[in-house]
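Chain by chain, the residues run as shown.
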Amino acid sequence: MHKDKLEAQPRHRGDLQAVMEKAPLPGDERCTTEGQQAVVADGVNEDTEAVAAREGWDSKLEYVLAQVGFSVGLGNVWRFPYLCHQNGGGAFLLLYILLMVVVGVPLFFLELAAGQSIRQGSIGVWKFISPKLAGIGFSSCLVCFFVALYYNVIIGWSLFYLGNSFQNPLPWEECPVNGTGVKECAAATPTTYFWFRKTLDVTDSINETGEFNPIMTGCLAAAWAIVCLGMFKGIKSSGKVMYFSSVFPYVVLLCFLIRGLLLDGALDGLKYMLYPRLSIWQDVQVWRQAATQVFFALGLGFGSVIAYSSYNPKHNNCHRDAIMVSSINFMTSVLASLVVFAVLGFRAKKIAFSCVKQNLELLAGVGLGQEIYNVTEPEVYNEWLKAHGPHLPINLTNCSMEREMNQGVEGTGLAFIAFTEAMTLFPGSPFWSALFFLMLLNLGLSTMFGTMEGILTPLYDNFASLAKRRTAFTVFICTVGFLIGLLFTQRCGNYFVSMFDDYSATLPLIIVVVFETISVAWVYGADRFLDDIEKMLHWRPWPIYKYLWKYVCLLAMIGLLGASLIRMVIKRPTYKAYIQEEASEKDLEYPDWALAVLTLLIVCATLPVPICFLYHTYRQRFSQSMGSGGTSHSLENGHYRPCSTTDPDATPSTETRLMTENGSLPPLAEENLGLLSENEGVAESTGL
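Residues numbered from 1 in each chain as written. Predicted model: local features only at pLDDT ≥ 70, side-chain atom pairs only at ≥ 80, totals over all residues. Heavy atoms only, no water.

(A) Region of interest: the overall build of the protein chain. Looking only at helices and strands, one finds 31 helices and 2 strands in the protein chain. In the protein chain, once contacts between residues fewer than 6 apart in sequence are set aside, the share between residues at least 24 apart is 82%. Accessible surface, the protein chain: about 29,000 Å² in total, of which carbon and sulfur atoms supply 62%. (Helix = DSSP H or I, 4+ residues; strand = E, 2+ residues; numbered from the N terminus. Contact = heavy atoms within 4.5 Å. Areas by Shrake-Rupley, 256 points an atom, 1.4 Å probe, with all protein chains shown as cover.)

(B) A look at the pattern of salt bridges. The final tally for this structure, using the stated rule, is 17 salt bridges. For the salt bridge of glutamate 184 with arginine 197, the shortest nitrogen-to-oxygen distance reads 3.3 Å. Of this pair, glutamate 184 sits in helix H10 (residues 182-187) while arginine 197 sits in helix H11 (residues 190-199), and the two are 13 residues apart along the sequence. For glutamate 184, a relative accessible area of 7% corresponds to the buried category. You can call arginine 197 buried: its relative accessible area is 11%. We note a salt bridge from arginine 572 to aspartate 592, for which the minimum N-O separation is 2.8 Å. Here aspartate 592 lies in helix H28 (residues 592-606) and arginine 572 lies in the loop between helix H27 (544-570) and strand E1 (574-579), a separation of 20 residues in the sequence. Look at arginine 572 and you get partly exposed, because its relative accessible area is 31%. Among the ionic contacts, a cluster of salt bridges with common partners joins Asp58, Glu62, Lys236 and Lys240. (Salt bridge = Lys/Arg side-chain N within 4 Å of Asp/Glu carboxyl O. Buried < 20%, exposed > 50% of the residue type's maximum accessible area, 1.4 Å probe, protein only.)

(C) Highlighting the pairing of E1. Where E1 and strand E2 (residues 584-589) come together, 6 bridges link them in antiparallel fashion. Its bridge partner being in E2, lysine 576 is matched across the sheet by aspartate 587. (Pairing = 2+ DSSP bridges.)

(D) Highlighting the packing of aromatic side chains. Under the definition given, this model contains 51 aromatic pairs. Positioned above the aromatic ring of tyrosine 272 is the side chain of lysine 271, whose terminal nitrogen or guanidinium carbon lies 5.7 Å from the ring centre. Looking at lysine 550, its charged tip hangs above the ring of tryptophan 522, at a distance of 4.3 Å from the centre. (Phe/Tyr/Trp six-rings, centres within 6.5 Å; stacked < 30°, edge-to-face > 60°. Lys NZ or Arg CZ within 6 Å of the ring centre and 35° of its normal.)

(E) Layout of the side chain of glutamine 116. As for its position among the elements, glutamine 116 is in helix H7 (residues 90-118). Sequence-distant contacts of glutamine 116, that is, excluding residues within four places in its chain, are made with Ser309, Ser310, Asn312, Pro313, Lys314, His315, Asn316, Cys318 and Met536.

(F) Spatial organisation of H7. The terminal C-alpha atoms of H7, which comprises 29 residues, lie 40 Å apart, in line with the 42 Å expected from a rise of 1.5 Å per residue. At methionine 100, H7 shows its maximal bend, which comes to roughly 45 degrees. Counting buried positions over the 29 residues of H7 gives 24, a clear majority of the element. (Expected span 1.5 Å × (residues − 1). Bend = angle between axes of the 7 residues up to and from the residue.)

(G) Fine view of unusual backbone geometry. The omega torsion across asparagine 168 and proline 169 is 5 degrees, close enough to zero to call that bond cis. Structurally, proline 169 is set in the loop between helix H9 (134-164) and H10. We note that alanine 583 has phi near 55 degrees; this positive angle belongs to a residue other than glycine. Along the chain, alanine 583 turns up in the loop between E1 and E2.

Structure below.
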């Protein structure tokens, strides 16, 4: 016990650093003097202000489930399988793994380490490095809000389909027998008709607004109510929900995989998905799509990863977490792809056999059915048609599984049309339908909770008035989200969902991550950041991270940004519109006003970055010209206050208080520069 007392004496400078701000970066030097005195005064005068401890996760499992639940979302189910199939199958998997290792994991580790070391949300983390960088955090909050607006609409759709799954037969199994929709349904399919006409009642273009859809409005209200209840007490409530919402989708996927592999045509579907085509590596657009999928799969730039990790103990092994969560995310994408293509292979084979049967009936109608009366396999039929087709008096279509698989569907088309149609062919289809949409609901909610955390945590950390009214502000945000979300419950709302999904997040998030990487690797310093991580983990991460952050990741993100911008410039943005008379989808160009809206979304999401930089630069120069001490990093009187933690080392020692009362402060030596104090670097691990 005497050893602790002896070791505590030479560490007084580290103890003082626990309540002092880090040394300023170049250009922020004038922020130091007043800031140090303000924090020391707050640390000494404990009678006037209580130091609030930051809440934390109840267990490591709860934290891991939250991170996995946020990163594993709807895109893993309906985006990744499509990309894998359309871009070379197994070759795309190899490319995806490569980009995940050299870009995804390092950036994910960067965000985890930054949040855990500084114990703040996205605004506070970048403000800690320099007040001029606070706009990065505000941009993350805005993007999270934009995403939350339309993401909850998709949850509302899932609720609607879940509610309709408790019927036998399912309402999308057959076309209506009378009414105005008979002709439209006959020209399409029952599932397509139910989606576009019964669910969305969609207009023919984004220019035709139409009235509000009352059923979808109610589903949206229910979705926001669920999110509000889940976020009622922050991570203390949402963390408990994660035990079900993060685990249940894996149970459902395994059930579907087992069932799917037993279906006729499942192996054919897997073959179409995994067949490698290495030539696609020469296509720049394939690299862009793979990098974008890695980027969104891990939730980079949203601020949610930073927010979740900020509730961890200082010495949690965030490096292991980065590798573990990234691996789980990838394996989930592969598992979802196997499920999707096993089921779609079964569906394609059913359609191909139905096509053969219909063509044989046509041949029988003209007296030629005896020529191929014993043909049932699509492959045999296609060979016969190739040889005899030109001599037939009628036109027959080719019946190919490959054609059905190559049509490829993604997004809502996969979940609410193709996969839904396949489930109608299952015995006990209502059970499988309810299971599937309950899975989609939980995937959406777990991601939505993380998105909301990316909005609320930074604001609570930086605005004390909001932190004191957490419940009221959470309800307020959810109410505002619902009111703005009414835009998506119009008959043309589906087109606005596509607009927000394609443009409100992609470019702004890439820009945010570019600035994040520059801030850590170049402004703060990669070596300095690795020093801080070493104090947290008690071992130094691999040196290769320094070069990945400074060069590989940064250049990759700049390249992705450039490719995305070029694609937008050279080709006018389009959307898929459902034309009622044709009962099919058609690509239409966005009208000028819609282009103005999506441009405004991108500008609004990125504008905080230059505004905060210019504001703090002007404020610093104005303070210098007035001869004052300048601005500092706090939220009160311009000085940034480091977050209070539950760690015992975060409280100033008695010896430190005595030194500050005498008015003497130790000089800022080189070892004091960092996100962590020296005493935190040698404290025992909490076990997390």
